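# Coordinate analysis (summary)
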2 protein chains.
Amino acid sequence: MPCVSIDCVIFGFHDNQLKVLLLKIEHLEGWALPGGFIYKDEHIDDSARRILHERTGLQDIFLQQFYVFGDAKRSDENITKLVFEKTEFKAPENNWLLQRFLTIGYYALVNFNAVHAAPDYFSEACEWHDINNLPSLAMDHGGIIQEALRTLRTHLHYEPVGYNLLPEKFTMPELQHLYETILDEKLDRRNFQRKMFSYHILKRLKDRRKGVAHKAPFLYSFDLRKYHKALQEGLQTAW
Amino acid sequence: MPCVSIDCVIFGFHDNQLKVLLLKIEHLEGWALPGGFIYKDEHIDDSARRILHERTGLQDIFLQQFYVFGDAKRSDENITKLVFEKTEFKAPENNWLLQRFLTIGYYALVNFNAVHAAPDYFSEACEWHDINNLPSLAMDHGGIIQEALRTLRTHLHYEPVGYNLLPEKFTMPELQHLYETILDEKLDRRNFQRKMFSYHILKRLKDRRKGVAHKAPFLYSFDLRKYHKALQEGLQTAW
DNA sequence: AGGGTAAGTGTTAATTTGACGCAATGCCAA
DNA sequence: TTGGCATTGCGTCAAATTAACACTTACCCT
């Protein structure tokens, strides 16, 4: 489907830092978000899932639409031209489509270690970048990332989505560091734990994280069944 | 811009009921949301504002993008055909565009009494309908309305956007009824008032609502300056 | 004028949140 | 091998917020 694209802000967590997966487009300045187009018979959520799978090799990832970027001047003609040259899409005679592009923003939360980053057809590199140390970005992709981060922060206040960024087993301090990084603020260790427990979505495992300095912390994993149940009943405090 | 439309869920409040403005499309079954297309050099928010202005005569309304509906099968071919027949847009030879349409959902909060409902080019009627008593709706417009309502409810928990639905002057019980209608739950009169006051966005006026049965309630209006200031600093309770 | 009803204001208990203490654990260095 | 030290697990208490409810005042209606 022409004139509309999908861009994915793929968040990962590594070395206590929040990362975003970016592509380096050939012959052009700046990095770009993984993106793509909507196939003819595809639900847009499936398009986003497909793009995500192509770049990361992952399936069944947490993925959420968050905003449509529709400034008339947001497109970069060079990039648009490149896209039309390299794909099956054909610009009509009136070159309507060259002039502007909407993009639907999705954000995804992935397990950093499980990702196999792969460049796409237009790009020469596909790499993680620290959210606090982003390279120069093409078009409005910097703004899209900021908006995704803002959305993620908000969602984190209502739904404990953060663990999607962690491996299956993790410790409470690791989970807390993740939250602190996303929210960019220090949290009290004990109150954090109490709050997390109150959701009843964590399973404490029998084993602990070993080989680490100091007292060995418990390992946890998520109780997905309880998580979905809790979400349905609503976590957020109502009026 | 073809292949993408904008649909507006315009909420109004009247007779203690939440209303939605709907259009009756000529020669077709069911009612539809006011919608339209994006002009060439127009920011999509401006497109939504334009559509809203055309249907209601209003300007400077509270308006918010909330979701993109992108199911591959959501379009109704009859309606799409009608649109192409009646507008300047031309379907390309491959009739790509006849096959599916994305729509960007916006919701708007308007002062019911200020609206002058006007049908558009395709429709024979433009009327308010009770949210709890909707007529048969075209395509997925029923789902769009439900999603808009869900979004409105969520937003109401964070930002006191409700007053956008009321006239400039209103009483506390009126405001409370509005909230009760949107959230579909009973609220305690005294706690509601305290909470509202705590936002410091209301100005109590000197006069009261007169001619009404029982004790005359105070009139209030919004202190827009303080409202925007409060929003910037964030109303929601952080972690 | 008095009854009925809704509005304005205040009080109190329950719950949630924020700030912090202390003992237990497990490296590491002496 | 043992004591120091940083970190984890668990708990406490006060402050703030929320929920539940009582009482007085005002205005229409009969």
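As the structure is a prediction and not an experimental result, all values here were calculated from the model.

### Considering the protein's contact with DNA strand D
With respect to spatial proximity, 18 residues lie near DNA strand D, and among them P173, R189, R190 and F218 of chain A together with R190 of chain B are the closest. One nitrogen or oxygen atom from the side chain of K215 of chain A is found 3.2 Å from a base oxygen belonging to DNA strand D. One nitrogen or oxygen atom from the main chain of H214 of chain B is found 3.4 Å from a sugar or linking oxygen belonging to DNA strand D. Residue assignment for the surface near DNA strand D shows that the elements contributing at least two residues are α6 (189-198) of chain A together with α6 (189-199) of chain B. The greatest single-element share of the surface near DNA strand D, amounting to four residues, is contributed by α6 of chain B. Looking at the surface near DNA strand D residue by residue, the classes come out as six nonpolar, three polar and nine charged.

### A short note on the side chain of S221 of chain A
As for its position among the elements, S221 of chain A is in strand β10 (residues 218-222). We classify S221 of chain A as buried; its relative accessible area is 6%.

### Some words on the nonpolar core
In terms of nonpolar packing, the biggest core is built from 50 residues, with I6, I104 and V110 of chain A together with I6, I104 and V110 of chain B touching the most fellow members. Setting aside residues up to four positions removed in sequence, I6 of chain A forms contacts with P34, G35, G36, I38, I44, S47, A48, I51, T103, I104 and Y106 of chain A.

### A short note on unusual backbone geometry
All names here are of chain A. At D15, a residue that is not glycine, the phi angle is positive and equals roughly 50 degrees. Non-glycine residue N16 carries a positive phi angle of around 55 degrees. Summarising the element assignment, N16 is placed in the loop between β1 (4-14) and β2 (17-25).

### Here we look at the protein's contact with DNA strand C
Looking at DNA strand C, there are 18 residues lining it, with R190 and R194 of chain A together with R189, R190 and F218 of chain B nearest. Of what DNA strand C places within 4 Å of the protein, 42% of the atoms are sugar or phosphate. Here R194 of chain A contributes a side-chain N or O atom positioned 3.0 Å from a base nitrogen of DNA strand C. Between F218 of chain B and DNA strand C, the recorded distance is 2.9 Å, taken from a backbone N or O atom to a phosphate oxygen. Elements with a minimum of two residues in the surface near DNA strand C: α6 of chain A together with α6 of chain B. In terms of residues, the surface near DNA strand C owes the most to one element, α6 of chain A, which gives four residues. Grouping the constituent residues of the surface near DNA strand C by class yields five nonpolar, four polar and nine charged.

Rules of the game
Each chain has its residues counted from 1, running along the sequence as written. In the order they appear in the text, chains get letters beginning with A and ligands get numbers beginning with 1. Reporting of local features is limited, given that this is a predicted model, to residues whose pLDDT is at least 70; pairs of side-chain atoms are given and counted only at 80 or more, and all residues count toward the totals for whole chains, interfaces and linings. The basis for every side-chain value is the complete set of heavy atoms in the structure, and neither hydrogens nor water enter the calculation. Note on definitions. A residue lies near a molecule or strand when any single heavy atom of the residue is within 4 Å of it. Nitrogen and oxygen atoms within 3.5 Å of one another constitute a polar contact, given that in protein one can donate a hydrogen and the other can accept it, and given that sequence-neighbouring residues count only through two side-chain atoms. Helical segments are the DSSP runs of H or I of at least four residues, strand segments are the runs of E of at least two, and each set is numbered from the N terminus. Basically, the charged four are Asp, Glu, Lys and Arg, the nonpolar ten are Ala, Val, Leu, Ile, Met, Phe, Trp, Tyr, Cys and Pro, and anything else, Gly included, counts as polar. Relative accessible area decides the class of each residue, using a 1.4 Å probe on protein chains only: under 20% of the type maximum gives buried, over 50% gives exposed, and in between gives partly exposed. Put simply, buried Ala, Val, Leu, Ile, Met, Phe, Trp, Tyr and Cys residues joined by side-chain atoms within 4.5 Å make one nonpolar core. Residue contacts are defined here by distance: any two heavy atoms, one from each residue, within 4.5 Å place the two residues in contact.

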